[in-house]
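Coordinate inspection notes
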Amino acid sequence: MTRPAAVAVMAEDLGERLTRLLDRLLDDGHACAIAMDSDGPTLPAGRVAQAAAALTGGEADVVIGPSDDGGDDLIGVARRHPGLFDGVPWSTAQTREATLARARALGLRVLLRARGFDVDTPADLARLRSALGGRDTPARTAAFLRTPAC
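As a starting point, this report considers the structure included with it. (Residues numbered from 1 in each chain as written. Predicted model: local features only at pLDDT ≥ 70, side-chain atom pairs only at ≥ 80, totals over all residues. Heavy atoms only, no water.)

1. Quick word on the overall build of the chain
Spelled out, the test is: Numbering goes from the N terminus for both helices and strands, where a helix is a DSSP run of H or I of at least four residues and a strand is a run of E of at least two. Whether two residues are in contact is decided by their heavy atoms: any pair within 4.5 Å suffices.
Along its length, the chain carries 5 helices and 4 strands. Reading the chain from its N terminus to its C terminus gives the helix and strand order α-β-α-β-β-α-β-α-α. Partitioning the contacts of the chain with sequence separation of at least 6, the portion at a separation of at least 24 is 50%.

Below you can see the structure in the form of structure tokens.
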């Protein structure tokens, strides 16, 4: 039985897991591979499509969607880049800058997409509520925001 490509093999840190996931998607024959965070419910599908187009069109070797907290809500590649995530301090305000430094050290062309935000704190949750206020809110996100715990 074949497992879906989106199932990552457990590894020591996020960089290793990202590398394995992206490599696996490329090995499965995809023209590019994009990983998105799970705590960024406002990431528009159009931004993902733009990243894929930039990668498959040869505009960049790496596409990064920066988030306000210094991390990323999207990372994409069109081919393997061994060492891209080596030494990156994950879940810190230095994550994106460290990733950019690694990409530069490897001679890769990086395209930064529009900045987004993720939901890590109560203040982020309040921001999400405000951001989704009058727009079409994804059903599960809207249901969660209506729970008393939020």
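2. Brief notes about the pattern of salt bridges
Opposite charge on two side chains lets them pair, provided their charged atoms get close. We count it as follows: The salt bridge definition used is simple: a Lys or Arg side-chain nitrogen within 4 Å of an Asp or Glu carboxyl oxygen. Whether a residue is buried, partly exposed or exposed follows from its accessible area with a 1.4 Å probe, protein chains only, as a fraction of its type maximum: under 20%, in between, or over 50%, in that order.
Using the criterion set out here, one finds 5 salt bridges in the structure. A salt bridge links Asp 23 to Arg 80; the shortest N-O distance between them is 3.0 Å. Highlighted residues: Asp 23 in helix 1 (residues 14-27) and Arg 80 in the loop between strand 3 (72-77) and helix 3 (95-105), separated in sequence by 57 residues. Judged by relative accessible area, Asp 23 falls into the buried class, the value being 15%. Overall, the relative accessible area of 41% leaves Arg 80 in the partly exposed class. Asp 68 serves as the salt-bridge partner of Arg 127, at 2.6 Å between the closest nitrogen and oxygen. With Arg 127 in helix 4 (residues 122-132) and Asp 68 in the loop between strand 2 (62-66) and strand 3, this residue pair connects regions lying 59 residues apart in the sequence.

3. Notes on the environment of Ala 54
When you line up the elements, Ala 54 lands in helix 2 (residues 45-56). The exposure class assigned to Ala 54 is buried, which follows from its relative accessible area of 1%. The sequence separation of Ala 54 and Ala 78 amounts to 24 residues, and the corresponding C-alpha distance is 9.2 Å.

4. Describing helix 2
To keep things clear, this is the line we draw: To estimate the expected span of a helix, subtract one from its residue number and multiply by 1.5 Å. The arc in question is the one spanned by the directions pointing from the helix axis to the C-beta atoms.
With 12 residues, helix 2 should reach 16 Å at 1.5 Å per residue; the first-to-last C-alpha distance of 17 Å fits that figure. By the burial criterion, the buried members of helix 2 are Arg 47, Val 48, Ala 51, Ala 54 and Leu 55. The arc that holds the buried residues of helix 2, viewed along the axis, is 125 degrees, so those residues lie on one side. In this fold, the buried residues of helix 2 make contact with strand 1 (33-36), strand 2, strand 3 and strand 4 (110-112). Once helix 2 finishes, Gly 58 follows within two positions and takes phi at roughly 80 degrees, a positive value.

5. Re helix 4
Restricting attention to buried positions, one finds in helix 4 the residues Asp 124, Leu 125, Leu 128 and Leu 132. The arc that holds every buried residue of helix 4, seen down its axis, measures 100 degrees, which confines them to one face. Facing away from the buried side of helix 4 by over 90 degrees, the exposed positions are Pro 122, Ala 123 and Ser 130.

6. Brief notes about the pairing of strand 2
We apply this condition: By definition, two strands form a pair when at least two bridges between them are found by DSSP.
The buried fraction of strand 2 is high, at 5 of 5 residues. Residues Val 62, Ile 64 and Pro 66 point to one face of strand 2 and Val 63 and Gly 65 to the other, with burial holding for every one of them. The turn joining strand 2 and strand 3, which pair antiparallel and follow one another in sequence, is formed by 5 residues; a positive phi near 95 degrees is taken by Gly 70. As defined by bridge partners, strand 2 adjoins strand 4 across 3 bridges and the pair is classed as parallel. Bridged to Val 62 within strand 4 is Val 110.

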